[in-house]
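So the chains spell out like this:
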Amino acid sequence: MPDLKEFFSGKKSLVGLDIGSSSIKIAEVTGSPKGYYLNRFHELPLPKGVIIDGILADAGTLSIKIKELFKVSKLGKKGIVTSLAGNSVIIKKVTLEKMNESELRDLIRDEAGKYLPFETMDDVNYDFQILGENNYNPNQMDIIIVAAKKEIVNSFLEAVSAAGQNIMIMDVAPFVLETLYGANYEFDNEEIVVLINIGASTTGINIVKGGMSVFTRDFAMAGNTITEGLQEKYKVSFEEAEQMKIEGLPNGSEGDVMDLKNSILDLAQPICMEIERSIDYFRSTFGGEDIKHVLIAGGSARIDNLTKHLSQMLNVKTDVLDPFLKINYNKRNIDAKNIDDIKPVAATAIGLGLRTIGDK
């Protein structure tokens with residue numbers, strides 16, 4: 001049974017399983033002499049209430065849906081890479097005196113209360129990654145500690161196992177886009193990029209420097225916030241509002257179409273403002289370091305003019321994260337006409353699918 005040690009570990013013939021609050025997605029990423037390519041990608045909607053704030057609330061339904069997803073994607077038994085998100089996982093950056101990894105592991109276990117909101121680590125899976133020397137004190141090092149209660153980790157392990165599959169790696173949601181970014185984009189050691197995943201119930205922010213995380217934050221305001229606002233304004237069902245958000249009004253007048261687009265951007269504004277606050281906090285904490293690029297993923301990344309709007313607010317170039325800059329895809333299994341729609345929603349699943357056993 002993997003613990004959070006395997007947050008930063010993983011084998012090919014693994015597949016990425018993105019378990020979100022509104023859908024589950026699977027990505028089979030295959031290596032070739034010419035690099036990686038996405039062999040299969042499929043998505044199935046998940047009933048509301050199965051996953052709440054990253055916590056598994058209905059294991060039986062999730063198992064049924066995972067079985068169904070494997071059936072439609074024609075994948076047999078595979079090792080699963082998935083991730084924890086939202087309130088189910090705690091990520092904490094700390095600065096400590098320099099020491100080796102075994103001393104650090106003992107220190108975190110024995111003095112967990114100083115760094116994490118747990119009295120004891122007996123019921124907690126945890127791992128850490130040393131980021132490197134602290135910028136202001138060469139005798140200290142910066143560390144990211146990741147922790148989750150064992151009962152939360154085990155609930156996902158058991159639900160996937162009941163579906164006939166096994167989790168080999170449990171990653172952490174904010175770091176998944178980091179993997180995808182590293183596989184697709186060129187960057188130097190000083191380059192700062194903001195990776196944002198706007199999911200259904202949670203927006204996750206991961207700021208990376210030289211491809212390595214230096215700041216993370218999640219907040220419970222995301223795509224469902226926009227959908228619920230549309231539901232109230234247009235007096236339609238949640239499902240109809242979701243469809244309007246993604247597909248617009250195919251048969252509406254020009255005025256109605258424009259009114260809907262403006263409404264969607266207005267409803268997205270609180271999310272954008274929270275993103276802006278997070279980035280302002282990072283800038284003030286990290287000495288106003290220059291951000292080169294903002295990249296967004298998740299279903300709501302498809303909203304018309306959202307990247308343009310964020311770019312103007314943040315005064316930073318903003319684009320949809322592109323999983324296919326260096327990763328190819330199997331045109332027999334994936335329709336090229338749909339690739340632009342797939343990019344933002346498949347990003348997390350592809351990032352998970354890139355993991356291999358033993359990587360860091």
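Going by the structure above, here's the rest.
In what follows, the accompanying structure is described. Quick caveat: nothing in here was measured; it's all calculated off a predicted structure.

1. Description of the packing of aromatic side chains
Considering all chains together, one arrives at five aromatic pairs under this definition. Here Y181 and F187 contribute two aromatic rings whose centre-to-centre distance is 5.2 Å and whose plane-to-plane angle is 20°, an arrangement assigned as stacked. Classification of Y181 as buried rests on a relative accessible area of 2%. Aromatic rings pair up to connect Y181, Y185 and F187 into one cluster. Sitting over the ring of F238, K48 keeps its end group 4.1 Å from the ring centre. Positioned above the aromatic ring of Y329 is the side chain of K331, whose terminal nitrogen or guanidinium carbon lies 4.5 Å from the ring centre.

2. Observations regarding the nonpolar core
Membership of the largest hydrophobic core comes to 34 residues, with the highest contact counts inside it found for V194, I196, I207, I275, F282 and L306. Of all the secondary-structure elements, those providing two or more residues to this core are β11 (192-198), β12 (203-209), β13 (212-219), α6 (223-234), α7 (238-247), α8 (254-285), β14 (293-297) and α9 (306-314). The greatest single-element share of this core, amounting to nine residues, is contributed by α8. Not counting the four nearest positions on each side in its chain, F282 is found in contact with I192, I207, V214, F215 and I291. Of all hydrophobic cores here, the second largest spans 32 residues; its members include V15, I19, V50 and F175.

3. With respect to the layout of surface pockets
Space inside the second largest pocket adds up to approximately 620 Å³. Taken together, 24 residues make up the lining of the second largest pocket; nearest its centre are K93, L131, D142, V214 and F286. Every element with two or more residues in the lining of the second largest pocket is listed here: β7 (90-97), β8 (124-133), β9 (140-149), β13 and α8. At five residues, the largest contribution of residues to the lining of the second largest pocket is made by β13.

Definitions and limits used
Residues numbered from 1 in each chain as written. Predicted model: local features only at pLDDT ≥ 70, side-chain atom pairs only at ≥ 80, totals over all residues. Heavy atoms only, no water. Phe/Tyr/Trp six-rings, centres within 6.5 Å; stacked < 30°, edge-to-face > 60°. Buried < 20%, exposed > 50% of the residue type's maximum accessible area, 1.4 Å probe, protein only. Lys NZ or Arg CZ within 6 Å of the ring centre and 35° of its normal. Core = buried A, V, L, I, M, F, W, Y, C linked by side-chain atoms within 4.5 Å. Helix = DSSP H or I, 4+ residues; strand = E, 2+ residues; numbered from the N terminus. Contact = heavy atoms within 4.5 Å. 1 Å grid on protein atoms, 1.4 Å probe; cavity = no way out; pocket = protein on both sides within 12 Å on 5 of 7 lines; lining within 4 Å. Points joined across faces, edges and corners; volume = space filled by probe spheres on them.

Such coordinate-based values are descriptive only and should not be taken to indicate function.
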